[in-house]
Amino acid sequence: MRWSKVGLTEEEYKLVETILGRSPNDLELALYGVMWSEHCSYKNSRLVLRRFPVTGPRVVQGPGENAGVIDIGDGLKVVFKMESHNHPSAIEPFQGAATGVGGILRDIFTMGARPIALLDSLRFGSLQSERTRHLLGGVVGGIAFYGNCIGVPTVGGEVYFEEAYQDNPLVNVFCLGILEKGQIIRGQATGIGNPVLLVGARTGRDGIQGASFASEELSEDSEERRPAVQVGDPFMEKLLLEATLELKETGLILGLQDLGAAGLTSAASEMAARAKNGLELDVLRVPRREEGMSPYEVMLSESQERMLLAVEAGKEAEAQKIFQKWGLEAAVIGQVTGDGFFRVKEGERVVAEVPVSSLADQAPVYRRASREPDYLKETRALDLTSLPEPTDYNDALRKLALSLNLVSREWIYQQYDYMVRTNTVLRPGADAAVLRLKGTKKGIAVSTDGNGRYVYLDPLIGGASAVAEAARNVVCTGAEPAAITNCLNFGNPMKPEVFWQFEKAVDGMSQACRALGTPVTGGNVSFYNETSGQSIYPTPVVGMVGVLEDIDQMVTPGFKHPGDVIVLLGETREELGGSEYLKVIHSRVAGPPPELNLEKEKDIQALCLKAIRAGLVASAHDVSEGGLATALLESCLAGNLGARVSLPGDLGGMGASMGSGRQEARPVEESPTPRLQEGQGLTSIRRDALLFGESQSRILLSLRPDRLPRLLEMARAGGVPIYRLGEVAEERLLQIRLMGENLIGLDLSELEPVWRIKLAVMLGDR
Amino acid sequence: MKFGVVVFPGSNCDADCHYVVGDVLGQPVEYIWHESQDLAGVDSLILPGGFSYGDYLRTGAIARFSPVMRAVETFARRGGLVLGICNGFQILLEAGLLPGAMRRNESLHFQCQDTHIRVESVATPFSSRTRVGQVLKIPIAHSDGNYYADEGTLRELEEGGQILFRYCDSQGRVTAAANPNGSVDSIAGITNRQGNVLGMMPHPERAAEAQLGSEDGRLIFESILAYLAGKSV
Amino acid sequence: MWQARIYVTPKKGILDPQGSAVSKALGSLGFQQVSEVRVGKYLVVKLEAPGREEAERAVDQMCRRLLANPVIEDYTFEIAEFLGRVNH
Amino acid sequence: MWQARIYVTPKKGILDPQGSAVSKALGSLGFQQVSEVRVGKYLVVKLEAPGREEAERAVDQMCRRLLANPVIEDYTFEIAEFLGRVNH
Ligand SMILES: Nc1ncnc2c1ncn2[C@@H]1O[C@H](COP(=O)(O)OP(=O)(O)O)[C@@H](O)[C@H]1O
Ligand SMILES: [Mg+2]
C-alpha cells in the first residue's frame, strides 16, 4: 500500500487526501509520513502529556519549543531539555550516543543559551553479555567524544543494568544552558518575504527516515533497512554554537531551529507553523555532500550539525559574514510566505505543496486502549514471610554494594570532561551535580532519576518516585527544586498494557510535580522500545533543575568530621518490594515498590533545605537504591571516613516528638524509644527491610553535635520524624549494631578499591 | 602586564583561562583570534586546552598551521612567555616549539581526574612561586597526553632542567601507578631550552580557586606575574 | 608466521569529518590540487596460522568482530607470509 | 586525477598503545594466534597533477608537513591514476 510504505494507516492517508482535496504525490506523502510519525507528531502521547502541570512562577517557556526556560532571578534564565537516542544507539552505540548529544546541545543553543552542562541517563542489559559491554563502551565513548570536544562538561547522570534492557538500551541525554542577557530565541519563521538560511554541515544521505525508524520496534530486519548511520562532527557543532551566540548579539536572528528527526521537512514546517506563516524552499540551493540527491533525499536527510535560520530581508549577508568567520556555510534556501503553504521547489519546478498547518499541527491524535497488565497480579503477591533473612549481614551489604547498580560509576564519568568551563563545584559521584554561575552567588543543581523497576511494579508510584527522588537529590545539595524535563521511554503504545503503564506513570509524575511545585517545561517520548515483542521496563526519566541561592551553602553527601552526629530524616517501613536487595540477594523482581506520600516528601525536603540554609548540616545524602545501609556506606566512602551506628529495633532512638538537646549525650541504646507522633511504631520491622529497604522520603544527614538541638526543633516544627543513628568515625570502618548485636562491620579501605574499579574490571580495563 | 589567550576554532578552555587571569588574578587579558598575527602589547601568551580543529588527524596537527602560530613563534624566539595547556601543549609540540610528541593515553580513554604533579625546577618563569619537590594537585582531561621523546631528547631535557612537572602520588612519589597516561618518565610538563615556553597537560586554570577543589594551579600564573613584574622594573 | 595488512575506511556516503578537516587543512597549506581525502585505519597484524587460507579466515573474523565497525566502515586486507624476522 | 593511498604507522620501537590494546582485545576474543598488532592511519587522497612524478612529490610534501608526525610516525604511499569517475 502507498501509505504503509511511509508508515501511515489507511485512515491517515484518507485524511491527507481530504486535506489536499487530491492525492498526494510521492514526496508529499513522504512529508506526511515523517511529520505524522510518532516521533514528530506525538500522536499517541499528546493527550496524556496534557496532564502535566506546565506553568509556574518561574516558567518562561513551557513545552513546545526546542527547550524549556525558567527564570532564576538576577536576570538569568536557565534553558534545559532531555532527549532520547535509544534506537540509533542500539544500532551503532558510539555514533548513536554522540549524535544524541549533538542534538540536545543544538536544542539549547538554538534558544540563544550557552550550554553549560550535560547529563546522561543510561540503561543496559546484563554486563555478562559481550553485546552489552560493546554497547556500554560505545555509548560512553560516543558521549565523551562529542561532549568533550565541544567543551560542555558532562557532570552527572545515571546508569542501571537490568535484563529488561538487554536488546534495547536507553540513551537519554539532558542539557542545560544559561542565558545571561537578552531574549530567548524561538523557532519561528516570522515576517513574510524574509529569507531562510540553512547553516552548518552539508546535506548527505544520512539517516533518511530516521523518524519513522524511531517509531517502530527493532526487529531482525531493522538491521537491513537501517538508514545510513549519522556520524557526529562535534567540531562543526562547536563552530555552530559559537557563531550562533555571536550572531545572537547582533539581534539579527528572527527565528532559529535545529534540524533533528525528519531534517529539513520538520524544521522548516515547524518554524513556519509556529509563526502561522507559509514557507517556500528550493532543494537545489541546499549545499550537498553527495551528488545526485533527489528532493526526497534532501528533504528527509538527517545529516547532523545543521540549523535553519530566519533573518530580516536584506540582512542575510551580515549573518553570512559571521558564519564565515567561523568557517561555516550559510545558504539562503528559501523564504517566508504569506499563503500558509509549505512549498518545495526543485529550481522552478514545484515538487510538493501542502498546507503548513496540516504537517505540523494537524496530525491525528489518538487515545489508545489502556489495560492493566496481568503480570502485576503476580508481582504484587510478594510474600515477605517466605523470604529468609540473610544469615550474614556483612556479606549481604558487601554483595549489594558491589552489585552493578551500586558500584562506583567512576569508569564512566572519568571519560567525560566534567570540569571544562570551571563551573563544576559538585562533581559526578554525588546526589546531584552543582554548577556555580560566575558573577553571581547562585548555583544550579541538576539530577536525572528514574527507577524503571519501580515503574514496572507500579507505574503510578514509580512515576511519582522518579520526580520525588530527583527533587530530593537536588535538595541534598541545598538547592530548591524548580522544574523538570523528562524522557518517557516505553514499549509499543498500541498495546493496551503499555499504554496503561504510560498513562499511569504520567499521572504519577504529574501528581508529584504538582505537590513539589516543579512544573514540566518539556521532554521527549520514546515509544517502541521493544525487541521481539518484549517491552523494556517502562522508564520515565526525570531531569530536575534546582536553584541554590547561595553557592557557599552547598552541601555534599560525604561525611566530613569524625564525631559528627548521623541522623535520618523520614520513616522506614517494612518495604522490600522492587528493591535492589530483593534482586541481588533473592533474585526477585517483585512486590509493590515503596509507598510515596507526597505531603511527607514535601515536608522532608523543606526541612532538609531549611537546615542546610541555617548552616546546620555537614553532609546530606538521600536514601535510595540499597537502602539505609548503602546510604551510610556511600557517605563514608565519599568522605573517606567511617561510621558507628547503633539502631534500636524500632528506629525510635530520637523521635522528633521528644527532641531535646539533652538526648545526644546519651548512648542511643539507653535512650527511651518513643513512638512517632503518628503512633505508627516500627517495632516489628524485619532487619533486612530496616537496613536495605528502600522506603521513600528519607535523607541521611551528618552535623556537629552542638547543632543537633536546633535541628530537632526544626524537625518538630516541620512535623518530620528524625532519628539519631550514630556518629562519624575516623577509622574507615562501617559498624552497624542492631539492639546491641553487631550486624555489620565492614572494612572500607578493603572494600573501596574493589567498589571503585568494578566496572572497569567488568569491561576488561583492569 | 597583559595576557593574551589564543582562540583556535575548537579551543574550549579559552574562556576558563581568560577568567582566571582576568577575574581571579585581576590582570588585563584579551583573546587573540587564530587568524591574527598581531601580538602587540601582549607580555604573556596562553594556548588553551580544547580540541582545535576537532583534533582531527592528530591533536594540534592542524592548529599549528594557523596564522597566529607564526606570530607565536616569533614571540617565543624573542623570549616572550608562552604557556600551552593540554591542547596548547600538543600544538606547541606539533609546531616544534617543544620537543617530543603525544600518543594516545595508555588506557585509550579520555581521562578526566585530579592528578598530583611534582615540581622539578623552580628556575623557570613558570615556577618561581613553588618549591622543588612541591606537590601540586591539578586535574587532567585528555585522551592524548602520553608524552614521548626519544632517549637523546630525554637526556637533553633532563640535563637542561627542562622537565618541570612529573606525575606523582599525593606524597610526591613518582610511581607507575601515579602516571595517568603512560608518559615517558612520568612527564607532565616541559619547557624549551630557554625556559620561556612551557607545555603541560594538567589544567592549572581548573585549579585556581578553592571552590573548585584546589588553588595550586594559581602558583603557575602567579609565577608568571612575578617574572613579568621583575622584568618590567 | 603471517602478516596481515588491514585497511579500514569509512563507508561510502558516510560523513568523514576527519577527511574533510584534513582536506581543508591541505588546501590552506597550499595543496589546492587536492579534491578529496578519506581517513581510515591501517593495521598490521602478525599471526600464526598453518596456512594462508586459515590466516585469511582468522583475519576476516577479526575484522568483523573487532577491527572494523560494519555499520559505518568497510575493510579489506592483504596477507603475506612474514619472513622479516625469521627466528622470531 | 591521481589517487594516493597513504599509510602512516607508529615508528618501530615506539610503544603503540592502540596496537597493544587491540592485540590484547583480540587475545581475549579468542584469537590467541596473534602476536603483534600495530595501528596506524590509512588516508586516501585524490589530487590533480600533470604527471605521476608531480603527484608523488606533492603527496610526499603533504606527508612531511601535515599527515605524519616524524617524531613518532613513519609513512609510505602508493600512487595510482584514478579512473573511477572519469567525467568528474
Ligand atoms: N551515566 C553516567 N554519567 C555520568 N555520571 C554518572 C552516570 N551514572 C551515574 N553517574 C554519577 O554517579 C553518581 C551516582 O549515581 P546514582 O547511583 O544513580 O545516584 P543516585 O542514586 O543518587 O541518583 C551520581 O553522581 C551520578 O551523577
Ligand atoms: Mg540519589
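All residue numbers refer to positions counted from 1 along the written sequence of the respective chain. Chains and ligands are labelled sequentially in the order written, the chains with letters from A and the ligands with numbers from 1. The predicted nature of this model means local features are confined to residues of pLDDT at least 70 and side-chain atom pairs, given and counted, to a pLDDT of 80 or more, with totals for whole chains, interfaces and linings taken over all residues. The side-chain values count all of the structure's non-hydrogen atoms but skip hydrogen atoms and water molecules.

Caption draft 1: Representation of the overall build of chain C in the model. Helices and strands together make up the secondary structure of chain C, namely two helices and three strands. Mapped from its N terminus to its C terminus, chain C presents α and β elements in the order β-α-β-α-β. A 1.4 Å probe rolled over the protein chains alone gives each residue an accessible area, and that area as a share of the maximum for its type sets the label: buried under 20%, exposed over 50%, partly exposed in between. Counting every position in chain C, which comprises 88 residues, the buried fraction comes to 52%. Counting contacts in chain C only where the partners sit at least 6 residues apart, residues at least 24 apart contribute 73% of the total. About 4400 Å² of surface is accessible on chain C, with carbon and sulfur atoms providing 48% of the total. Numbering of helices and strands starts at the N terminus; helices are DSSP runs of H or I of at least 4 residues and strands are runs of E of at least 2. Two residues form a contact once any of their heavy atoms are found within 4.5 Å. Note that accessible areas follow from Shrake-Rupley with a 1.4 Å probe, and for residues the cover is restricted to the protein chains shown.

Caption draft 2: Just empty space enclosed by the protein, in detail. Residues and elements named next belong to chain B. Each cavity reported here is a set of points on a 1 Å grid over the protein atoms alone in which a 1.4 Å probe fits but cannot get out, each pocket an open set with protein on both sides within 12 Å along at least five of seven lines, and each lining residue one with an atom within 4 Å of a point. Grid points are joined across faces, edges and corners, and a volume is the space filled by probe spheres set on the points. Applying the stated rule across the entire model yields six cavities of 30 Å³ or more. Considered as a void within the structure, the largest cavity measures approximately 100 Å³ in volume. If you go around the largest cavity, you meet 18 residues; those closest to its centre are Gly50, Phe51, Cys86, Phe110 and Ala141.

Caption draft 3: Local environment of the sheet that holds strand β16 (residues 443-449) of chain A. All names here are of chain A. Taken in spatial order, the six strands make up an open sheet running β14-β15-β16-β21-β17-β18, and their pairing is mixed. If you trace the sheet from one side to the other, it starts and ends with β14 (424-426) and β18 (520-526), each paired once. On average, each strand axis in the sheet is inclined to that of its neighbour by 25 degrees, with strand direction left out of account. For two strands to be treated as a pair, DSSP must find at least two bridges joining them. Sheet topology note: the β14/strand β15 (residues 433-436) ladder contains two bridges and is antiparallel. Along β15, the bridge assignment pairs Leu426 with Val434. Axis lines are fitted through C-alpha atoms, for helices just across the contact stretch, and the angle between N-to-C directions can take any value from 0 to 180 degrees. Relative to the sheet, helix α20 (residues 459-475) contacts β16, β17 (480-489) and β21 (539-548), its axis offset from that of β21 by approximately 30 degrees. Helix-sheet contacts for helix α21 (residues 496-516) involve β17, β18 and β21, and the interaxial angle to β17 is about 175 degrees.

Caption draft 4: Inspection of the site of ligand 1 at higher detail. Residues and elements named next belong to chain A. We call a residue near a molecule or strand whenever a single non-hydrogen atom of that residue lies within 4 Å of it. Close to ligand 1 lie 19 residues; Asp120, Gly157, Glu158, Gly429 and Ala430 are nearest. For this analysis, a polar contact is any N or O atom pair within 3.5 Å, provided that within protein one partner can donate a hydrogen and the other can accept it, and provided that sequence-adjacent residues contribute only side-chain to side-chain pairs. Between Val159 and ligand 1, the recorded distance is 3.5 Å, taken from a backbone N or O atom to a nitrogen atom. Residue Ala430 places a main-chain N or O atom 2.5 Å away from an oxygen atom belonging to ligand 1. Looking at the shell around ligand 1, the elements that each hand over two or more residues are β4 (114-124), β5 (154-161) and α20.

Caption draft 5: Local environment of the packing of aromatic side chains. Pairing of aromatic rings covers Phe, Tyr and Trp, the last counted by its six-membered ring, and requires centre-to-centre distances within 6.5 Å; plane angles under 30 degrees mean stacked, over 60 mean edge-to-face, and any other angle means tilted. Taken as a whole and judged by the stated rule, the model has 23 aromatic pairs over all chains. On the basis of an interplanar angle of 40 degrees and a centroid distance of 5.3 Å, the ring pair of Trp3 of chain A and Tyr13 of chain A is categorised as tilted. Placement of the pair is Trp3 of chain A in helix α1 (residues 2-5) and Tyr13 of chain A in helix α2 (residues 10-20), with a sequence separation of ten residues. This pair shows no difference in class: Trp3 of chain A is buried, exactly as Tyr13 of chain A is. Aromatic side chains Trp326 of chain A and Trp33 of chain B sit 4.8 Å apart centroid to centroid with 75 degrees between the ring planes, which places their arrangement in the edge-to-face category. With Trp326 of chain A in the loop between α14 (316-325) and β11 (330-337) and Trp33 of chain B in strand β2 (residues 29-33), the pair connects residues from two separate chains. Ring pairing ties together the aromatic residues Tyr165, Tyr375, Tyr456 and Tyr537 of chain A, which thus form one cluster. Distance and angle both matter: a charge sits over a ring if NZ of Lys or CZ of Arg is within 6 Å of the ring centre and within 35 degrees of the ring normal. Its end group placed over the ring of Tyr366 of chain A, Arg368 of chain A keeps NZ or CZ at 4.1 Å from the ring centre. Sitting above the plane of the Tyr19 of chain B ring, Lys438 of chain A keeps its charged end 4.5 Å from the centroid.

Caption draft 6: View of the coordination of the magnesium ion (ligand 2). Residues and elements named next belong to chain A. Each metal's donors are the N, O and S atoms within 2.8 Å of it, or within 3.2 Å when it is Na, K or Ca, and because water is not part of the set, sites may look incomplete. Protein coordination at the magnesium ion (ligand 2) comes from Asn473 (OD1) and Asp622 (OD), with a distance range of 2.2 to 2.4 Å. With a gap of 149 residues between them, Asn473 in helix α20 and Asp622 in strand β23 (residues 619-622) connect regions that are remote in the sequence. The exposure class of Asn473 is buried, given its relative accessible area of 3%. Classification of Asp622 by relative accessible area gives buried; the value is 1%.

Caption draft 7: Layout of the packing of helix α23 (residues 598-613) of chain A against helix α26 (residues 708-718) of chain A. Residue and element names in this part refer to chain A. Where α23 meets α26, the closest approach of the two axes is 10 Å, and the angle between their N-to-C directions is 150 degrees. On the basis of their axis angle, the class for α23 and α26 is roughly antiparallel. Judged by the twist between their axes, the crossing of α23 over α26 is right-handed. Packed against α23, whose contacting residues are Asp603, Leu607, Lys610 and Ala611, the element α26 presents Leu711, Met714, Ala715 and Gly718 at the interface. Class assignment of the residues belonging to the contact of α23 with α26 gives a composition of five nonpolar, one polar and two charged. Roughly parallel refers to an angle under 35 degrees, roughly antiparallel to one over 145, roughly perpendicular to one between 65 and 115, and oblique to any angle outside these ranges. Crossing chirality is assigned from the near helix's rotation relative to the far helix, an anticlockwise turn below a right angle marking it left-handed and a clockwise turn marking it right-handed. Three residue categories are used. Nonpolar comprises Ala, Val, Leu, Ile, Met, Phe, Trp, Tyr, Cys and Pro, charged comprises Asp, Glu, Lys and Arg, and polar comprises the others, including Gly.

Caption draft 8: Highlighting the pattern of salt bridges. Residues and elements named next belong to chain A. What makes a salt bridge here is a side-chain nitrogen of Lys or Arg within 4 Å of a carboxyl oxygen of Asp or Glu, nothing more. If you walk through the whole model with that rule in mind, you get 80 salt bridges over all chains. Notably, a salt bridge pairs Glu242 with Arg114, separated by 2.9 Å at the nearest N-O pair. You can see Glu242 sitting in helix α11 (residues 234-250) and its partner Arg114 sitting in strand β4, a full 128 residues away along the chain. For Arg114, a relative accessible area of 22% corresponds to the partly exposed category. The salt bridge partner of Arg289 is Asp206, with a shortest N-O separation of 3.1 Å. Note that Arg289 is positioned in the loop between β9 (278-282) and α13 (295-300) and Asp206 in the loop between β7 (195-200) and α9 (210-213), a separation of 83 residues in sequence.

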